[in-house]
Amino acid sequence: MSRVAVVLLNLGGPDSLDAVEPFLRNLFRDPAIIRAPAPIRHFIARLIARRRGPKARDIYRRIGGGSPLLAETEAQAAALARALDDLGRIEVAIAMRYWHPMSEAAARQVAAFRPDRIVLLPLYPQFSTTTTASSLAAWRAAAQAAGIAAPTAAICCYPYADGLVEAHAQLIEPVLAAANEAGEPRLLFSAHGLPKKVVARGDPYQWQVEKTARRIVARLGVEALDWTVCYQSKVGPLAWLEPSIADEIERAGRDRVPVVVVPIAFVSEHSETLVELDITYRDHARAAGVPAYHRVPALGTQPSFIAALADLVRGAANSGGGGGVDSGEGGRLCPGAHRCCPLAAR
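Residue numbers here run from 1 along each chain, matching the order of that chain's written sequence. Note on the predicted model: pLDDT of at least 70 is required for a residue's local features to be given, and 80 or more for side-chain atom pairs to be given and counted; whole-chain, interface and lining totals, by contrast, use all residues. Side-chain numbers come from the whole structure's heavy atoms, not from hydrogens or water.

Participant: How do you make sense of the packing of helix 3 (residues 69–83) against helix 11 (residues 303–318) when you look at a structure like this?
Facilitator: Between two packed helices, both the angle of their axes relative to each other and the distance between the axes serve to describe the pair. For helices, the fitted axis covers only the stretch in contact; all axes are lines through C-alpha atoms, and the angles between them, taken along N-to-C directions, range from 0 to 180 degrees. Put simply, DSSP marks the helices as runs of H or I at least four residues long and the strands as runs of E at least two long, and each gets a number from the N terminus on. One can describe the packing of helix 3 onto helix 11 by two numbers: an axis separation of 9 Å at closest approach and a directional angle of 60 degrees. In terms of orientation, helix 3 lies oblique with respect to helix 11. Here helix 3 and helix 11 pass one another in a crossing that is right-handed. Taken together, the residues of helix 11 that come into contact with helix 3 (itself represented by Gln-76, Ala-79, Leu-80 and Ala-83) are Phe-305, Ile-306, Leu-309, Ala-310, Val-313 and Arg-314. Counted by class, the contact of helix 3 with helix 11 contains 8 nonpolar, 1 polar and 1 charged residues. In these notes the angle categories are as follows: under 35 degrees is roughly parallel, over 145 is roughly antiparallel, 65 to 115 is roughly perpendicular, and the rest is oblique. Should the near helix be turned counterclockwise from the far one by less than a right angle, the crossing is left-handed, whereas a clockwise turn marks it as right-handed. Working rule for contacts: check all heavy atoms of both residues, and any pair within 4.5 Å makes them a contact. We call Asp, Glu, Lys and Arg charged. Ala, Val, Leu, Ile, Met, Phe, Trp, Tyr, Cys and Pro are nonpolar, and the rest, Gly among them, are polar.

Participant: Help me out: how do you make sense of the pairing of strand 6 (residues 227–232) in this one?
Facilitator: Looking down a regular strand, the side chains alternate between one sheet face and the other. The buried fraction of strand 6 is high, at 5 of 6 residues. Pairing between two strands is assigned when DSSP locates at least 2 bridges connecting them. Pairing analysis gives 6 bridges linking strand 5 (residues 186–192) to strand 6, with the strands arranged parallel. Counterpart to Ala-191 in the pairing with strand 6 is Tyr-231. The classification of residues rests on relative accessible area computed with a 1.4 Å probe and restricted to protein chains. Under 20% of the type maximum is buried, over 50% is exposed, and intermediate values are partly exposed.

Participant: Mind showing me how you'd approach the pattern of salt bridges here?
Facilitator: Oppositely charged side chains are able to pair whenever their charged atoms sit close together. Whenever a carboxyl oxygen of Asp or Glu lies within 4 Å of a side-chain nitrogen of Lys or Arg, that contact is scored as a salt bridge. This model, assessed by the stated rule, comprises 14 salt bridges. The salt bridge involving Arg-97 is made with Asp-30; its shortest N-O contact spans 3.6 Å. Remark: Asp-30 occurs in the loop between helix 1 (20–28) and helix 2 (38–61) and Arg-97 occurs in the loop between strand 2 (89–96) and helix 4 (103–113); sequence separation between them is 67 residues. The pair Arg-97 / Asp-30 is uniform in exposure class, with both members buried. The partner of Glu-166 in a salt bridge is Arg-219, with the nearest N and O atoms 2.6 Å apart. Pair noted here: Glu-166 is in helix 6 (residues 162–179) and Arg-219 is in helix 8 (residues 205–220), with a separation of 53 residues, a long-range link.

Structural data, given as C-alpha cells:
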C-alpha cells in the first residue's frame, strides 16, 4: 500500500501572549520579508518586534490570547486526510513558517512515517515570494537536515481551482442575499497587502489575487455587481498595493452602499479576519456611514475547498514527485513579466 505524506505549509501564529514577540522576530528576520544582510535583518526584526509587540498582544488578547490558525489548520488537515483515503496510507503534517509546529517538527514527523511520496501543499492559494516561496525554502532545508529522500512534488499555487472558486461562491451567496436588504451591495475582495516594490520585482501575487476574484464573480453570475479587489494589513512606511480596504470602505460610505467583505487570500480565520475585518474595519465602516457591513467567512473546511485540495494532492502524487514544482493547473499560469513565478524557467 502506497504511503503518501502531505505537508501543509502555512504562516503560523502565536499560541499565547508570551509568544507574540518571538513570533514577530521570526517573521521579520525572514529574508523574504526584509531583504538585508543577516546581522542588520536580525537587528531590525528585534526592533520591530519590541515596538509592535504591545499592539500585537492587544490584538491577540481580543481573540482569546492566541492565534486560532493552528486549530483551523489541524481541522483542515484532518478533513484532507479523510478525503484522501483512496491514495493509501496518508500522513498529513503541518509546517508553519513563523511559529510552532515549524518545518523541522514536520520533517521529523514525515521522516518517521517513511513515505513513498511527499506532496507539499501551501495553504496560500496565490503564490508570493513572501509566503509560498519562503515556506518551500524552509521545508527543503528541514527535509535535508532530517535526511528525507522520498520523491517530493510541490504545488506552487491554485488561484482559480474549481473547488476553491466554488467554495468562495457558496459562502458569499447567502451573505450577498442578506446585504441586499440594505440596498445593492459592493463586493470587496480583501487580500493581505504587499509592498509595491515586491510586485515590481516580478512577484505574481497581485495578478493571481485578481484572477481569483474574477473567477468568483463569474461563478456567482454577478458580473454587473459592483466589486473590487483591495488590500489590508499594511505595515511600515513603504508604498503598498492599492486600493486599501480602508479607502474602499470610505468610498462606500460616500456612495451610501452596503459592503460585503470577502477574505480572498485567507483560507483560515485568524487575526487579520477576526480582528481587522470583524472589528477594526467594521467600526471604520460605521464611522464612514456605510449602511451595512457584512463579512464572508474564510474557507476553513468548506467541503468544496477540501475537495479542491484533495484533487491537487492526487494530481501531484500521481505525477511521481521528483522535486518538481507545479501549479494547480499543471503548468505556468502567470504572464512572463512575473519573473518570480517558480515556473518562470519553463
